[in-house]
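# Architecture and fold: a report
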Amino acid sequence: MPEQATEVTAAGIARLAGVGRAAVSNWRRRHADFPKPVGGTETSPSFALPEVEQWLRDQGKLAEVPLRERVWQQVAGHPEGAVTALTHTGCALLLVRDRPTAWLELTAVSDERMAGVLPHAMEEVLGARLGPDTWARARSGGPVPSGRAVAPVLTGSDTPAGRPSDGSPAAGSPSGDAGSVHSPSAVHTARAVPTPSTDALLPSVPLLRAAAELAAGIGAGQTFEFLLGRQLDANPRQYTLTPPGLAELMAALAETGKDTDQPGGRRPVRSVLDPAAGTGTLLRAVAGPAELLAQEVDPALAALTALRLALHGDGSPRSTPARTVRGGDALRADAFPQLAADTVLCHPPFNDRNWGHDELAYDPRWEYGFPARTESELAWVQHALARLRTGGTAVLLMPPAAASRRSGRRIRADLLRRGALRAVIALPAGAAPPYGIPLHLWVLRKPGGELRPVPELLLVDTTDPVGPGTATGTQTSGGRDRPDWPAVHAAVLDAWRDRADHPGVSRVVPVIELLDDDVDLAPARHLPRPAAGGGAAGLEDVRERLADTLRLTADLTPPPAELSAPAHRPLTTVGELARAGALLLRTGTGTAPRTDTGTTPVLTEHDVLAGTAPSGTPTPPPTAAPGTPAPDDLVLLEPGDVVVPVLGAGSVARVVDEATAGAVLGRNLQLLRPDPAAIDPWFLAGFLRGTANHRQASSYASTAARLDARRLQLPRLPLAEQQRYGEQFRALAAFEDALRTAGRLGGQLVRGMYDGLTDGTVTPR
């Protein structure tokens, strides 16, 4: 085996072969010729990728490894770690995109020669896109701007030299001095992506060649997005991500509405700063040409973000506005102390008690008051305002506690008095981590100059959206991590543009009403919940629909059951039927590419359990762009499909009708597509719902149950007999839907009556 052969774990083998991890474990036990581990640990061994591929081909389990899987396995198995591999790959992809002819010349030589000439070529494209490498100049004895500290260089372990792995400031660093104050001397000005050396690049050359081959098919930017997305998915606890839907909303708020107007006409966004950039999702959401500036405390992540922004778009370095990314803590060591940006977008860290409270006590940014140690979010708010031009807009994602904690009431009061805080928007739960609470968006404008303070605050509450989907009590959310972003965007942007009162959704509150002892800015405190059924005027309509539904329910009530002795029929399993070709089994991912006409709705687990229409929004795959082919794992529903939830203890099965057909199968759902010539879909769904059947096919953990659809059992019956059972099951499903609708309408009527009687819009009889 070559010394630099890529290694792959059991999970990677399962992904390559399209099977589960249990199958890989079985292969290792049953096949003596299965490749031996070459690394890893006893509990998580790793194997040589070439040996695994050859074994899978010999066993007939793999025809050809997809190129993108091969590239990802090389990234994951890189000897210096995936982050270093991604950094090298991003540099090479920049070269592939910006100087394709030079890249072809470089790849015509041996790996050793290629590694020797790559640093110079990479420095040219990195310098053109991201600016000169001041750290490299410092190492070579070149001039470095005076009074500026240089960013640390990345080591092989992905940990910056001079900074402990736990993220605390290094001893002797400007941020580690308890007596230091925010000043230009603490600024990091080095480029976030240092030019890799020849020795560092040598193990990466095979990866770079493969990545360039993948880029030839899907583009350099999409290749890096795919690889970065895989890295983020593989390490979900290591990164705090901003969902794309939320990022697009924040960018739209910064560009839309009256607050972006300047005296003399509207000025488009020209410079946008994210002082806590993370993976750069907020800056990628900015529409139109704009200078993008970012700072990230993690130097490895800053490098990936810089490459991601540089690869975003296809413009030449001369026509594309600058992308400037710096490392360091923006509160302790601001990289842009003189900046006056048009817009600041920020998803700051929450509940950070080590934000610099002691060493930044006399910092000039605390124009609205010195934040308490527990108010790190208000420190980020004031930092954002300090980096705006007069009249510039900032949009920050905030925890709901920041709107009401008593320790921050004086700062909130001063933000209101001076007209800096323009709107507080409550988002639905699941908009961003932590997913269990409804986070807030704060929209701010830097006061000063000729701008007069606006004596009012816009409060918007989208935690309980009102729209066509909620008129009958249905759920519009796409699940915990799938809010209905189009509905949220429409509600928020309409309220922001109109700045008008909409019952239960938005209200313009005079500042004087908010300046009490608490200065509580939570929208729920000042916005009454929307009246059920559209208020007192809509209660009669709800009552009529409830009466119609109750009559339908009575008509659909099953006749008295005809009892008989338990039947003993020959049984088969779903797994056996799938192997015989009588039905197809697919698992949902909720992933679908964006198209020029919009996105396809997703049937979510909640939709199946509640019997509602598809309400989710798909997650675009990392390589997706408008017009790209659908991914292999895309599952579109067809009439007659049977969908069952994988998680939970309830026995539920849903037959897809014409109205639901065409939607994407969501996560935690399994699809059974029967051959209509062999299996009736309603017969299949009905027997899958049997309590005993469901119990014997489920496995139980300490807190949840998981259904193995292959173990579900069916009786062997002729098709005509199946259809007779199917008609009965279809009637039961219609009766169940009517009961569910009656329950929703009844609850809506009761709640509306209570609300009307208590607020005086309904009088007792």
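Looking now at the overall build of the chain. For the chain, the helix and strand inventory stands at 25 helices and 24 strands. Of the roughly 35200 Å² of accessible surface on the chain, 53% is carried by carbon and sulfur atoms.

It is possible for side chains of opposite charge to pair when their charged atoms get near one another. Across all of its chains, the model carries 32 salt bridges by this definition. Of the charged contacts, one joins Arg 284 and Glu 225 as a salt bridge, the two residues approaching to 3.6 Å between their closest N and O atoms. Pair noted here: Arg 284 is in helix H13 (residues 281–284) and Glu 225 is in helix H11 (residues 220–234), with a separation of 59 residues, a long-range link. Residue Arg 284 is classed as partly exposed on the basis of its relative accessible area of 24%. Relative accessible area serves as the criterion here: at 12%, Glu 225 is assigned to the buried category. Ionic pairing is found between Asp 518 and Arg 406, a salt bridge with its closest N-O pair at 2.7 Å. Here Asp 518 is found in the loop between helix H18 (511–514) and helix H19 (523–526), whereas its partner Arg 406 is found in the loop between strand E10 (388–398) and helix H16 (409–417), with 112 residues between them in sequence. For Asp 518, a relative accessible area of 30% translates into the label partly exposed. Each of Arg 689, Glu 736, Asp 737 and Arg 740 takes part in salt bridges that share partners, so that together they form one network.

Interpretation of the predicted coordinates at a detailed level should be avoided for regions scoring low in pLDDT. This prediction gives the chain a mean pLDDT of 82; 81% of its residues lie at or above 70. Within the model, pLDDT remains below 50 along residues 257–266, and this stretch shows 19 contacts once partners closer than five positions in the same chain are excluded. Counted against residues more than four places away or in other chains, residues 622–632, with its pLDDT under 50, gives 22 contacts.

Pairing is mixed in the open sheet, where nine strands are placed in the order E8-E7-E6-E9-E10-E12-E11-E13-E14. Two strands in the sheet have a free side with no partner beyond their single neighbour: strand E8 (323–327) and strand E14 (506–510). Adjacent strand axes in the sheet meet at a mean angle of 15°, parallel and antiparallel pairs treated alike. Of the pairings in the sheet, the one linking strand E11 (residues 421–426) to strand E13 (residues 456–461) comprises four bridges and is parallel in character. The residue of E13 that forms the bridge with Ala 423 is Leu 458. Of the strands in this sheet, strand E9 (341–346), E10 and strand E12 (440–445) are in contact with helix H15 (residues 376–386), which crosses E10 at around 155°. In the packing of H16 onto the sheet, contacts are made with E11, E12 and E13, and the angle to E12 comes to roughly 50°.

Let us look at the sheet that holds strand E18 (residues 642–645). The antiparallel open sheet is built from four strands, whose spatial order is E16-E21-E18-E19. Since the sheet does not close on itself, it has two edges, and those belong to strand E16 (583–587) and strand E19 (654–655), each with one partner. In this structure, E18 lies alongside strand E21 (residues 669–674), joined through four bridges in antiparallel fashion. Along E21, the bridge assignment pairs Val 644 with Gln 670.

Our next topic: helix H23 (residues 681–688). Counting buried positions along H23 gives eight out of eight residues, so the element sits mostly inside the fold. Residues Pro 681, Trp 682, Phe 683, Leu 684, Ala 685, Gly 686, Phe 687 and Leu 688 constitute the buried set of H23. Two or three places before Trp 682, at the opening of H23, Asp 680 has a side-chain oxygen 3.1 Å from that residue's backbone nitrogen.

Of all six residues that make up strand E7 (residues 291–296), five are buried, and the element is covered over most of its length. When strand E6 (residues 271–274) meets E7, the two strands line up parallel, connected through four bridges. Among the inter-strand pairings, Asp 274 is bridged to a residue of E7, identified as Ala 294. The sheet contact formed by E7 and E8 spans five bridges and is parallel. Note on E8: the bridge partner recorded for Glu 296 is Gly 327.

Judged by nonpolar contacts, the single largest core of 89 residues is most densely connected at Leu 253 and Leu 441. Excluding residues that lie within four positions of it along the chain, Leu 253 makes contacts with Val 395, Ile 425, Leu 441, Val 443, Val 492, Leu 493 and Trp 496. Leu 385, Leu 444, Leu 457 and Val 519 belong to the second-largest nonpolar core, a separate cluster that totals 44 residues.

Applying the stated criterion to the full structure yields 10 aromatic pairs. Centroid distance Trp 355 to Trp 366: 5.8 Å. Interplanar angle 90°. Geometry classified as edge-to-face. One end of the pair, Trp 355, is in the loop between E9 and H15; the other, Trp 366, is in the loop between E9 and H15, and 11 residues separate them in sequence. On the accessibility criterion, Trp 366 (10% relative accessible area) is buried.

Rules and cut-offs
- Residues numbered from 1 in each chain as written.
- Predicted model: local features only at pLDDT ≥ 70, side-chain atom pairs only at ≥ 80, totals over all residues.
- Heavy atoms only, no water.
- Helix = DSSP H or I, 4+ residues; strand = E, 2+ residues; numbered from the N terminus.
- Areas by Shrake-Rupley, 256 points an atom, 1.4 Å probe, with all protein chains shown as cover.
- Salt bridge = Lys/Arg side-chain N within 4 Å of Asp/Glu carboxyl O.
- Buried < 20%, exposed > 50% of the residue type's maximum accessible area, 1.4 Å probe, protein only.
- pLDDT = per-residue confidence, 0-100.
- Contact = heavy atoms within 4.5 Å.
- Pairing = 2+ DSSP bridges.
- Axes fitted to C-alpha atoms, helices over the stretch in contact; angles between N-to-C directions.
- Polar contact = N/O pair within 3.5 Å; in protein donor to acceptor, adjacent residues only side chain to side chain.
- Core = buried A, V, L, I, M, F, W, Y, C linked by side-chain atoms within 4.5 Å.
- Phe/Tyr/Trp six-rings, centres within 6.5 Å; stacked < 30°, edge-to-face > 60°.

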